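# Topology and contacts: notes
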Amino acid sequence: MAAPYRIYNVSLTISFDIRGGEAEAFRFLNALKLIKLAVSLGGTESLAEHPGTMTHSDITLCEQREMGITPQMIRLSIGVEDPRDIMLDLEQAFAAVGMGVPAMEMA
């Protein structure tokens, strides 16, 4: 049973590991249409990044692992767009890497 997801005018930053590795992470990032790939996550629009090759690329792989940064990690900064549009973009990006997600109910 899928839990309903509700988003109400909030902004947040989340990190997650996508199933697979770096190739799947970039396939997910490249599939995003509304959410834009960016090194800096400090904007009002929804943005995404791959920490291992972007913000933390100057840190050794060993140090990245110690910090919990993996090749399959994705970081999202959720902006002010309509939550339904953000959820639809995420759903189609997950589908692009073969990961179906339950339909997310919006209030």
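Before reading further, recall that the structure is shown in the block above.
Here goes a summary of the coordinates provided. (Residues numbered from 1 in each chain as written. Predicted model: local features only at pLDDT ≥ 70, side-chain atom pairs only at ≥ 80, totals over all residues. Heavy atoms only, no water.)

### A short note on the overall build of the protein
Per the secondary structure count, the protein includes 3 helices and 4 strands. Across the protein, helices and strands are ordered from the amino to the carboxyl terminus as β-α-β-β-α-β-α. When contacts within the protein are restricted to residue pairs at least 6 apart in sequence, those whose partners lie at least 24 apart make up 63%. Carbon and sulfur atoms form 57% of the exposed surface of the protein, whose accessible area is close to 6,300 Å². (Helix = DSSP H or I, 4+ residues; strand = E, 2+ residues; numbered from the N terminus. Contact = heavy atoms within 4.5 Å. Areas by Shrake-Rupley, 256 points an atom, 1.4 Å probe, with all protein chains shown as cover.)

### A short note on the pattern of salt bridges
Within this structure, the stated rule accounts for 2 salt bridges. Between Arg75 and Glu49 there is a salt bridge, with its nearest N and O atoms 3.3 Å apart. Here the residue Arg75 occupies a position in strand β4 (residues 73-78), and Glu49 occupies one in strand β3 (residues 47-49), the gap between them amounting to 26 residues. With respect to class, Arg75 is no different from Glu49; both count as buried. Residue Asp82 pairs with Arg84 through a salt bridge whose shortest N-O separation is 3.6 Å. Using a relative accessible area of 34% as the deciding quantity, one classes Asp82 as partly exposed. A relative accessible area of 41% places Arg84 in the partly exposed class. (Salt bridge = Lys/Arg side-chain N within 4 Å of Asp/Glu carboxyl O. Buried < 20%, exposed > 50% of the residue type's maximum accessible area, 1.4 Å probe, protein only.)

### Things to note about the sheet that holds β4
Within the open sheet, the 4 strands sit side by side as β1-β4-β3-β2. Their pairing is mixed. Of all strands in the sheet, those with a lone pairing partner are β1 (12-17) and β2 (36-37), marking the two edges. As judged from the 3 bridges shared by β3 and β4, these two strands associate in the antiparallel manner. From the neighbouring strand, Glu49 faces β4, where its bridge partner is Arg75. Helix α1 (residues 22-31) contacts β1, β2, β3 and β4 of the sheet and is inclined by roughly 25° relative to β4. (Pairing = 2+ DSSP bridges. Axes fitted to C-alpha atoms, helices over the stretch in contact; angles between N-to-C directions.)

### Section: the environment of Ala48
Following the sequence through the fold, Ala48 ends up in strand β3. Note: C-alpha distance between Ala48 and Leu76 (28 residues apart in sequence) is 4.4 Å. Not counting residues within four places of it along the chain, the set of residues in contact with Ala48 comprises Leu29, Leu32, Ile35, Lys36, Leu37, Ala38, Leu41, Arg75 and Leu76.

### Some words on the nonpolar core
Counting 17 residues, the largest nonpolar core has Ile18, Phe28, Leu32, Ile35, Ile74, Leu76 and Leu90 as its most contacted members. Breaking this core down by element, the ones donating at least two residues are α1, β4 and α3 (83-96). (Core = buried A, V, L, I, M, F, W, Y, C linked by side-chain atoms within 4.5 Å.)

### Remarks on the side chain of Gln64
With respect to the helices, strands and loops of the structure, Gln64 is situated in helix α2 (residues 61-66). Looking at Gln64, its side chain comes within polar contact range of the main-chain oxygen of Ile59, at 3.2 Å. Those residues in contact with Gln64 that lie beyond four places of it in its chain are Gly52, His56, Ser57, Ile59 and Ile69. (Polar contact = N/O pair within 3.5 Å; in protein donor to acceptor, adjacent residues only side chain to side chain.)

### Some thoughts on the packing of aromatic side chains
Scanning the entire structure with this criterion turns up 3 aromatic pairs. For the ring pair Phe16 and Phe28, a centre distance of 5.9 Å and an interplane angle of 85° mean the geometry is edge-to-face. On the criterion of sequence distance, the pair formed by Phe16 in strand β1 and Phe28 in helix α1 is long-range, its members being 12 residues apart. For the ring pair Phe16 and Phe94, a centre distance of 5.9 Å and an interplane angle of 40° mean the geometry is tilted. Taken together, the positions of Phe16 in strand β1 and Phe94 in helix α3 put the pair 78 residues apart, joining distant regions of the chain. For Phe94, a relative accessible area of 14% corresponds to the buried category. (Phe/Tyr/Trp six-rings, centres within 6.5 Å; stacked < 30°, edge-to-face > 60°.)

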